[in-house]
Amino acid sequence: MQQSSSALIYQIDELHGGFMSVCTALWLCPEKVVLQPMGSEITDRNRTFADFMGWDKLTKDGCWGNYVPGELTKEEMAEKGRVFWETFISRKCEGLKEVLEEAYQRKTDRKS
């Protein structure tokens, strides 16, 4: 993922079960989160197979990312999760209204 200073995240090298997954869970349902080490570093060779086989065969516990507790508080991590997703959604929605309006116009013009 590219640098996003507004989302407070500068490099993410994970798909599931790493730092951002924990931040997201702490934002959405903190009462369900047990902070414990999970995941592992993923070799470049194993990345080749990520779309073709179960991650449980490519990682030590099925988590595609490495989370080690202790650097930030639960509150700081929850805030990172909130800011990340609000920024991501906001950026993905930029221009969406215009695209949908034009799509609707194109669709209805063909029926006329």
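Details of the structure are given in the entry above.
Position labels on residues start from 1 in each chain and follow its written sequence. Reporting of local features is limited, given that this is a predicted model, to residues whose pLDDT is at least 70; pairs of side-chain atoms are given and counted only at 80 or more, and all residues count toward the totals for whole chains, interfaces and linings. Values reported for side chains reflect all heavy atoms of the structure, with hydrogen atoms and water molecules removed beforehand.

If you tally the helices and strands in the protein, you get 4 helices and 2 strands. Mapped from its N terminus to its C terminus, the protein presents α and β elements in the order α-β-α-β-α-α. For the protein, the proportion of its 112 residues judged to be buried stands at 29%. The contact definition used throughout considers only heavy atoms, calling two residues in contact when any of these lie within 4.5 Å. The contacts in the protein between residues at least 6 apart in sequence include a share of 65% that link residues at least 24 apart. A run of DSSP states H or I qualifies as a helix once it reaches four residues; a run of E qualifies as a strand once it reaches two. Both are numbered from the N-terminal end. Exposure is judged per residue with a 1.4 Å probe applied to protein chains only, and the accessible area is read against the type maximum: over 50% gives exposed, under 20% gives buried, and values in between give partly exposed.

All right, on to the pattern of salt bridges then. Each salt bridge in this description consists of a side-chain nitrogen of Lys or Arg and a carboxyl oxygen of Asp or Glu lying within 4 Å of one another. Across all of its chains, the model carries 5 salt bridges by this definition. Arg 82 is the partner of Glu 79 in a salt bridge, and the nearest nitrogen-oxygen pair spans 2.5 Å. With Glu 79 and Arg 82 both in helix 3 (residues 74-93) and 3 residues apart, this pair spans about one turn of that helix. Glu 79 gets classed as partly exposed once you look at its relative accessible area, which sits at 35%.

This paragraph deals with the side chain of Thr 24. Within the element layout of this structure, Thr 24 appears in helix 1 (residues 19-28). The class of Thr 24 is buried, set by a relative accessible area of 15%. When neighbours within four sequence positions are excluded, Thr 24 is seen to be in contact with Gly 81 and Trp 85.

Ring pairs shown here join Phe, Tyr and Trp side chains whose ring centres sit within 6.5 Å, with only the six-membered ring taken for Trp; geometry is labelled stacked below 30 degrees between planes, edge-to-face above 60, and tilted in between. Counted by the stated rule, this structure contains 3 aromatic pairs. Aromatic side chains Phe 84 and Trp 85 sit 5.0 Å apart centroid to centroid with 90° between the ring planes, which places their arrangement in the edge-to-face category. Ring centres of Phe 84 and Phe 88 lie 6.2 Å apart, and the angle between their planes is 15°; on these two criteria the pair is classed as stacked. Within this pair, Phe 84 and its partner Phe 88 are both found in helix 3, separated by 4 residues, close to a single helical turn. Phe 88 sits in the partly exposed class, given a relative accessible area of 33%. In this structure an aromatic cluster arises from ring pairing among Phe 84, Trp 85 and Phe 88.

In short, shape yes, function no, at least from these values alone.
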